[in-house]
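Tertiary structure, described
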Amino acid sequence: MKLESTARRRGRSIYTRTALGVLALGVTQLGSHAEAAWPPAEDATVEDMANPANWPDDPGYGWSEDENGQWNYYSFMVPNENVRPEETATGMSIDLAWRYTQGDPRVVIAVTDSGINWDEDDVIEAAYLNHRELLGHRPNLNGVVCGDLNPEFYPDAAAGDLVGFDCAPAGNLDGVITVADYAETDVLLPLASEGHPKGDRNNNGKFDAGDLIMNFSDGIDGDANGYVDDISGWDFMKDDNDPYDDTRYGHGTGEARDSTARANNGIGKAGGCNQCRMLPMRVGDSFITDVNDFAQAVLYATDQKAKVIQSALGTVNNNRFTQAALDYAWENGVITMASMADENSRHHNMPTLSNHTLPVHAIQYAGGRITQARTFLQYHPCSNYGGQNFLSASGTGCSSEAVGQSSGVLGLVWSAGLREGIDLTPGEVFQLMIMGADDIDVPESQVPDSPDRWSQPGFDQRFGYGRVNANNAVEAVIQGKIPPEVDITSPTWFSVLYKDQVTAPVDIVGTVAAKRANSWDYVVEWAPGIQPLDGEFEIIKEETGLGPEVVIGNDGPIASIDVRNLEGLPIPQEKWDVDSQLGENQYTITVRVRAIAHYDGNVGDVKGELRRTYYVHEDPDLVKGFPIYVGDGGETSAKLGDLDGDGVVELVYPTAGGDLHAFKLTSGTPVELPGFPFKASFMDGLNDPPLDAGEPNYLGAPAYQGGIDIDLARETLTNFAPAIGDIDGDGDNEIVAVSFAGTIY
């Protein structure tokens with residue numbers, strides 16, 4: 001989607017080369033809140049964005065001769081004699097999007113990561129506070145009752161629940177409950193001392209949400225959601241109400257800064273969605289974790305009315321419980337921004353390869369300084385690529401920073417919808433992001449020995465749909481250019497479709513809709529390869545002139561593809577893509593669904609698109625009955641052992657869903673032994689009654705009251721291969737399996 005922007009570009013560089021010293025001087029002169037014309041006016045131009053007078057006063061924001069600043073936010077090109085003339089912006093045009101919105105307190109960005117360092121100055125005021133757990137602990141001004149919260153920001157609050165939470169001068173009477181509203185509350189302990197403000201219970205020298213948790217946790221589940229005293233997030237690694245990063249790993253804190261750091265406060269850098277709120281959730285002690293803890297956090301965030309799940313992590317496993325959690329989030333208005341991970345490979349990072357995630361990776365500038373960079377569209381080598389790589393985000397970090405920055409942009413898009421009174425859906429926000437991206441098509445990348453990774457018109461595996469453009473996405477909402485929704489749920493990512501085993505065409509399952517348009521069309525296509533050009537696709541099915549009430553896929557598959565007779569497979573060597581010179585993608589096909597929504601007036605036609613990568617193969621050496629679909633990941637090793645004493649080994653296969661399978665292979669096809677699959681215990685918090693005295697009980701949460709199949713929520717059996725042997729000396733083999741949570745079975 002190439003939108004007509006109200007911001008005008010005036011040439012390759014906003015300032016001439018001789019203006020470099022003037023612009024750098026402007027950075028140092030921008031000293032006070034009063035001098036900064038921020039946020040920018042709606043009619044501000046790209047040229048205005050380059051003027052330091054219109055920058056937020058965060059010291060890390062502006063660039064100078066010595067500092068690169070937040071170049072990845074800029075809509076303008078800094079003075080640079082080396083950059084490609086086609087490039088007119090260093091970054092993702094977040095600065096232009098700020099003309100319309102800097103975020104909305106109703107937009108909560110849930111950070112699923114290593115937890116939060118509560119003393120991080122720039123996110124202290126961003127922390128989401130659950131007022132329903134604080135009804136018995138309202139703030140005051142040394143005993144004086146405070147003002148009320150703005151009901152617009154708390155639409156589900158009961159009568160009387162918003163009274164007395166908004167304090168000044170400690171807070172700012174903004175109608176939102178923040179840490180500052182509690183700063184002068186008379187019951188806070190301990191009292192102020194040298195280097196410690198009043199109420200600094202966690203002894204870090206700051207007054208923060210962690211201090212509120214320690215001051216006001218009373219053992220009462222004030223909102224009856226199953227999470228006792230969830231005042232500001234939750235720790236799903238330790239199952240308690242303090243998501244503090246007690247190893248000080250810092251990854252989750254960096255993520256919070258990227259998306260929700262406050263702006264124009266004279267501290268650090270500006271977060272992309274600096275008026276959104278941040279919900280901290282600890283799911284591990286680093287950015288690698290068990291997928292169950294992530295899934296529980298997704299469910300919790302959804303029930304807390306978050307709009308964005310910020311997932312800059314990888315899990316060692318994947319399962320149906322996680323997919324159910326992501327589906328629950330999607331169906332309840334939440335989108336998950338997910339990391340492509342950091343190995344410069346085709347690594348199918350989990351849980352990113354699940355349905356209903358928006359994958360993103362990183363691009364960077366090429367050169368030591370932004371004023372010397374040859375390009376701002378260089379593939380970042382500590383990032384991944386592939387058919388599921390949908391977006392490229394600018395940054396000096398890897399995919400983690402890309403997730404953080406893109407989550408902030410998602411927050412801006414949701415906020416724009418609230419501003420315009422448009423109840424956006426996750427599917428629409430997804431399309432606004434990918435269709436609004438700046439296509440990365442660098443012809444020089446296609447010449448031999450190019451320093452740049454291959455790019456081409458449209459989608460490519462190294463850059464996806466292009467660089468995130470926050471202004472394009474936000475302006476589309478402002479202008480009413482809402483894309484159609486396109487969702488593909490089956491076959492799942494990277495499925496192997498065995499053409500020698502299928503007996504009928506393979507169904508493409510999902511939905512396509514354009515409920516806001518006057519009419520709409522769609523087409524389903526396929527092509528060989530991982531990044532086919534538009535002209536290489538063949539139509540499978542198309543329909544035109546559909547009404548806004550029509551939802552394709554509600555009553556059957558979107559389309560079907562007969563993989564038994566596809567031409568052009570395997571792809572001949574002379575057509576292998578440049579990143580697959582060992583034939584890695586010779587059996588790859590791309591299935592694409594495109595839709596066009598037709599609007600009246602100035603809106604016109606608006607496009608949407610989604611794709612999936614599959615492998616079409618045949619293998620005459622497969623044992624009869626294989627492959628077996630078990631539903632969950634099998635990331636650990638299988639084991640062979642004689643379980644029934646007939647002298648023939650069985651196949652023992654543990655899964656991330658907590659199932660331990662045992663298949664007998666003597667009949668010519670695999671058959672599950674009686675009593676199998678064995679099922680692991682439910683994860684902590686979901687046992688009824690709890691197995692241990694200190695175990696929490698989350699079963700009262702809305703997600704578990706009909707939203708999720710509890711039987712899927714079992715401990716994962718994916719960290720060690722099972723052991724098989726005669727433990728008790730009775731002549732029969734036993735199996736010993738260990739869950740990620742540490743339970744021995």
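Residues numbered from 1 in each chain as written. Predicted model: local features only at pLDDT ≥ 70, side-chain atom pairs only at ≥ 80, totals over all residues. Heavy atoms only, no water.

Among the secondary structure elements, Asp-555 is positioned in the loop between strand S18 (551-552) and strand S19 (559-561). For Asp-555, a relative accessible area of 83% corresponds to the exposed category. As for Asp-555 and Thr-511, which are separated by 44 residues in sequence, their C-alpha atoms are 9.6 Å apart. (Helix = DSSP H or I, 4+ residues; strand = E, 2+ residues; numbered from the N terminus. Buried < 20%, exposed > 50% of the residue type's maximum accessible area, 1.4 Å probe, protein only.)

Before going further, it helps to examine the packing of aromatic side chains. When we look at a pair of aromatic rings, we describe it by the centre distance and by the angle of the planes. Scanning the entire structure with this criterion turns up 31 aromatic pairs. Relative to Phe-463, the ring of Tyr-379 lies with its centre 6.4 Å away and its plane at 90°, an arrangement referred to as edge-to-face. Pair noted here: Tyr-379 is in strand S11 (residues 378-379) and Phe-463 is in the loop between helix H10 (426-435) and helix H11 (470-478), with a separation of 84 residues, a long-range link. For Tyr-379, a relative accessible area of 5% translates into the label buried. Exposure remark for Phe-463: the relative accessible area of 2% places this residue in the buried category. Aromatic side chains Phe-494 and Tyr-615 sit 6.3 Å apart centroid to centroid with 25° between the ring planes, which places their arrangement in the stacked category. Highlighted residues: Phe-494 in the loop between strand S13 (485-490) and strand S14 (496-498) and Tyr-615 in strand S21 (residues 605-617), separated in sequence by 121 residues. Under the relative-accessibility criterion, Phe-494 is labelled buried at 10%. (Phe/Tyr/Trp six-rings, centres within 6.5 Å; stacked < 30°, edge-to-face > 60°.)

The subject of this paragraph is the state of the cysteines. Applying the stated criterion across every chain yields a total of 3 disulfides. A sulfur-sulfur separation of 1.9 Å characterises the disulfide bridge that pairs Cys-382 with Cys-398. Between Cys-382 and Cys-398, the S-S dihedral sits near -105°, and the bridge is therefore left-handed. Remark: Cys-398 occurs in the loop between strand S12 (391-394) and helix H9 (399-420) and Cys-382 occurs in the loop between S11 and S12; sequence separation between them is 16 residues. The partly exposed category is assigned to Cys-398, whose relative accessible area is 23%. Indicated for the protein is the disulfide connectivity 1-2, 3-4, 5-6, based on numbering the bonded cysteines in sequence order. (Disulfide = S-S within 2.5 Å.)

Moving on, we get to the side chain of Asn-274. Locating Asn-274 in the fold gives a position in the loop between helix H6 (251-260) and strand S5 (277-282). Judged by its relative accessible area of 0%, Asn-274 falls in the buried class. Ignoring sequence-local partners within four residues, the contact set of Asn-274 consists of Trp-38, Trp-98, Gln-102, Ser-259, Thr-260, Ala-261, Arg-262 and Ala-263. (Contact = heavy atoms within 4.5 Å.)

The mixed open sheet is built from 5 strands, whose spatial order is S14-S21-S20-S16-S17. Of all strands in the sheet, those with a lone pairing partner are S14 and strand S17 (538-546), marking the two edges. Taken over all neighbouring pairs, the strand axes of this sheet differ in orientation by 25° on average, direction set aside. The pairing of S14 with S21 spans 3 bridges and is classified as parallel. Opposite Val-496, over in S21, you have Tyr-615 as the bridge partner. (Pairing = 2+ DSSP bridges. Axes fitted to C-alpha atoms, helices over the stretch in contact; angles between N-to-C directions.)

Okay, the pattern of salt bridges next. Applying the stated criterion across every chain, the model contains 35 salt bridges. A salt bridge links Arg-592 to Asp-534; its shortest N-O distance comes to 2.8 Å. One end of the pair, Arg-592, is in strand S20 (residues 588-598); the other, Asp-534, is in the loop between strand S16 (519-528) and S17, with 58 residues separating them in the sequence. The exposure class assigned to Arg-592 is buried, which follows from its relative accessible area of 2%. (Salt bridge = Lys/Arg side-chain N within 4 Å of Asp/Glu carboxyl O.)

Turning next to the packing of H6 against H9. At a closest axis distance of 7 Å, the pairing of H6 and H9 adopts a crossing angle of 35°. Of the two elements, H6 crosses H9, and the hand of that crossing is right-handed. When H6 is examined against H9, the residues His-251, Glu-255, Asp-258 and Ser-259 are found in contact with a partner set consisting of Ser-400, Glu-401, Val-403, Gly-404, Gln-405, Ser-407 and Gly-408. Looking at side-chain class alone, the contact of H6 with H9 contains 1 nonpolar, 7 polar and 3 charged residues. (Left-handed = near helix turned anticlockwise from the far one by under 90°. Nonpolar A, V, L, I, M, F, W, Y, C, P; charged D, E, K, R; others polar.)

Another aspect to go through is unusual backbone geometry. Cis geometry marks the peptide bond from Leu-569 to Pro-570, where omega comes out at -10°. Locating Pro-570 in the fold gives a position in the loop between S19 and S20. Cis peptide bonds are those with omega within 30 degrees of zero, and the linkage from Asp-688 to Pro-689 qualifies with 0°. On the secondary structure map, Pro-689 appears in the loop between strand S26 (678-679) and strand S27 (723-725). In this model, Asn-203 sits at a positive phi of 60°, which is unusual for a non-glycine residue. Positioned with a positive phi, Asp-449 is a non-glycine residue whose angle comes to about 60°.

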